[in-house]
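Okay, here's what each chain looks like letter by letter:
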Amino acid sequence: MLKFVNREAELWQLKNILGSAPNSVLFVYGPKSSGKSTLMMKISKMYPGDILFYDFRARSPSEVHRVLANQKPSFGTRMRNYLRRKVQKDNIYDGIELTEAQLQQMARGKVDAFAPLINKLKKYKNPVLVLDEIQNLVHSGLDGQELAQLMNFLITITKRLHLAHVIIVTSDCLFIDEIAKKAAMEEAAEYLYVGDLPKSSVIEWMKDEGMSQAMAAKTYSLVGGRPYDLWVIVNHFRATNDINVIETMVRRKSSRVKLTLKSVGAQELRFIRKLAKGPLSITDISKKVMEWAIDNEIAFFDPVNGEVYALSKSMQEALKKV
Ligand SMILES: Nc1ncnc2c1ncn2[C@@H]1O[C@H](COP(=O)(O)OP(=O)(O)O)[C@@H](O)[C@H]1O
Ligand SMILES: [Mg+2]
């Protein structure tokens, strides 16, 4: 059984938002492995209405009309899904079900690419659309215009029709910035940051696992509150009773950065030296260097504060060794 730590503040905010009428699109953002998907699953299970959960890592629609719609499954499959939801006591669906005929009409441009979804959405109970890892839509072949079309539809069902909540989850904040601009979302979007776990929760979790106070404190000082890193350390600790894996973790990241630096110039190395010391304002960095660091999973861009920082505490430790 995986442990779920804290997140009270974020859950409280999400409950608050989902408890009132839909009025804007919510971007949930934060560095990779900060626990965004886990948090979405948690709130989905607690939510009293219906959740449409799209995982765009597993789903790669190449046509815009298939992004939110699924072909309605056979009667047997629908029965099985219904029973599964009853047993698991959740109302999580993996898409809005439309008939093949409706999908084809949409594909042929006979009806607006999203119009049939609106009628269907009205049949769900206080629906929430969760779009996880949305940046993958670019890799699955949607172009900028189609993405803007999708965003406009999401604005329509939230801000204009108040029909469904929409939560867009991503760690690619350059992407958020881009689509928010494309679809003129300035007054149609809210943001929720999901970052590292707080120190007290980390220490408590590590001590629950059997670490001494000193070990727990060392763990926090080297990797901070990144859930995934902590999970790796806990697993090793259970087997070995030590936390030496942290050194390996940092060393590995450090060699990866050194290797990446080999194919770039002095500008990037200067950036790394600065980043090792702490957050930087985007006004102090060139766009090229920033994109390089983000693409190579060295840095994270926070679009709300306009800051760039090391992808994680363990990455920052690694950068100090470069
Ligand atoms: N609240 C939490 N408590 C404990 N472990 C967590 C928590 N959130 C995430 N994790 C761990 O971190 C890993 C990465 O989380 P995930 O939700 O996949 O991150 P993201 O979606 O932000 O990339 C999970 O597999 C899980 O092991
Ligand atoms: Mg995720």
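What counts as what
- Residues numbered from 1 in each chain as written.
- Chains lettered and ligands numbered in written order.
- Predicted model: local features only at pLDDT ≥ 70, side-chain atom pairs only at ≥ 80, totals over all residues.
- Helix = DSSP H or I, 4+ residues; strand = E, 2+ residues; numbered from the N terminus.
- Rg over C-alpha atoms; globule rule 2.2 N^0.38 Å.
- Buried ≥ 20, exposed ≤ 12 C-beta atoms within 10 Å, placed from the backbone.
- Contact = placed C-beta atoms within 7 Å.
- Near = placed C-beta within 6 Å.
- Nonpolar A, V, L, I, M, F, W, Y, C, P; charged D, E, K, R; others polar.
- Domains from an automatic or database assignment.
- Core = buried A, V, L, I, M, F, W, Y, C linked by C-beta atoms within 7 Å.
- Axes fitted to C-alpha atoms, helices over the stretch in contact; angles between N-to-C directions.
- Parallel < 35°, antiparallel > 145°, perpendicular 65-115°, else oblique.
- Left-handed = near helix turned anticlockwise from the far one by under 90°.
- Pairing = 2+ DSSP bridges.
- pLDDT = per-residue confidence, 0-100.

(A) Structural context of the overall build of the chain. Along the chain, the regular secondary structure elements total 15 helices and eleven strands. A compact globule built from 322 residues should have a C-alpha radius of gyration of about 20 Å, and the chain, at 22 Å, falls within 12% of that. Taken along the three principal axes of its C-alpha coordinates, the chain extends 60 × 45 × 35 Å. Across the 322 residues of the chain, 35% fall into the buried class. For the chain, long-range pairs separated by at least 24 residues make up 79% of all intrachain contacts whose partners lie at least 6 apart in sequence.

(B) Molecular detail of the site of ligand 1. Among the 16 residues in the neighbourhood of ligand 1, the closest are listed as Gly35, Lys36, Ser37, Thr38 and Pro227. Listed by contribution, the elements that provide at least two residues to the shell around ligand 1 are α2 (36–46) and α11 (227–240). For the shell around ligand 1, the residue count by class is six nonpolar, six polar and four charged. Residue assignment places the shell around ligand 1 across two domains, with domain 1 (8–193) and domain 2 (197–243) each supplying three or more.

(C) Here's a closer look at the nonpolar core. Membership of the largest hydrophobic core comes to 80 residues, with the highest contact counts inside it found for Val25, Val130, Leu131, Val166, Ile167, Ile168 and Ala299. Top contributing element to this core by residue count: helix α7 (residues 144–160), with seven residues. Look past the residues within four positions of Val25 in its chain and what remains in contact with it is Leu154, Ile155, Thr158, Val166, Ile168, Met185, Ala188 and Ala189.

(D) Local environment of helix α15 (residues 313–320). The buried fraction of α15 amounts to six of the eight residues, a majority that puts the element mostly inside the structure. Taken together, the buried positions of α15 are occupied by Ser314, Met315, Gln316, Glu317, Ala318 and Leu319. Looking at the buried positions of α15, the neighbouring elements they touch are α10 (213–223), α11, α12 (245–262), α13 (266–275) and β11 (307–310).

(E) Broad picture of the domain arrangement of the chain. Once the domains are mapped, the chain shows domain 1 (8–193), domain 2 (197–243) and domain 3 (249–322). Domain 2 and domain 3 are separated by 24 Å when their C-alpha centres are compared. The partner domain 3 presents six residues to the six residues of domain 2 that form the contact. Broken down by secondary-structure element, the contributors of at least two residues to the side of domain 2 that touches domain 3 are α10 and α11. The residue makeup of the side of domain 2 that touches domain 3, split by class, is three nonpolar, one polar and two charged.

(F) The packing of α13 against helix α14 (residues 287–295), seen in detail. Contact geometry of α13 with α14 gives a least axis separation of 10 Å together with a crossing angle of 70°. Taken together, the axes of α13 and α14 lie roughly perpendicular to each other. Between α13 and α14 lies a crossing of right-handed hand. Each of Gln267, Glu268 and Phe271 in α13 lies in contact with α14, whose residues at this interface are Val289, Trp292 and Ala293. For the contact of α13 with α14, the class distribution of residues is four nonpolar, one polar and one charged.

(G) Just the pairing of strand β6 (residues 128–132), in detail. Most of β6 is tucked away, with five of its five residues classed as buried. The alternating pattern of β6 places Val128, Val130 and Asp132 on one face and Leu129 and Leu131 on the opposite face, and all of these are buried. Examined bridge by bridge, strand β2 (residues 51–55) and β6 share five bridges and lie parallel to one another. Within the sheet, the bridge partner assigned to Asp55 lies in β6 and is Asp132.

(H) Structural context of the sheet that holds strand β9 (residues 280–281). On the basis of which strands lie adjacent, the open sheet formed by three strands has the order β9-β11-β10 and antiparallel pairing. Only two strands of the sheet have a single neighbouring strand rather than two, namely β9 and β10 (299–302). Examined bridge by bridge, β10 and β11 share four bridges and lie antiparallel to one another. Bridging across to β11, Asp302 finds its partner in Glu307.

(I) Main features of the confidence of the model for the chain. For the chain, the average pLDDT comes to 93, and 99% of its residues sit at 70 or higher. When pLDDT is averaged over each element of the chain, β6 comes out on top at 98 and helix α8 (residues 173–182) at the bottom at 86.

(J) How the structure looks around the pairing of β2. Examined bridge by bridge, β2 and strand β4 (residues 92–93) share two bridges and lie parallel to one another. Of the residues in β4, the one forming a bridge with Ile51 is Ile92.

(K) Structural context of the sheet that holds strand β1 (residues 25–29). Pairing in this open sheet of six strands is parallel, and the strands run β4-β2-β6-β7-β1-β8 from one edge to the other. Of all the strands in the sheet, just β4 and β8 (189–193) have a single pairing partner and so form its edges. With five bridges connecting them, β6 and strand β7 (residues 165–170) associate as parallel partners. Within β7, the residue paired with Val128 across the bridge is His165. The sheet contacts of α7 involve β1 and β7, and relative to β7 the element is tilted by about 135°.

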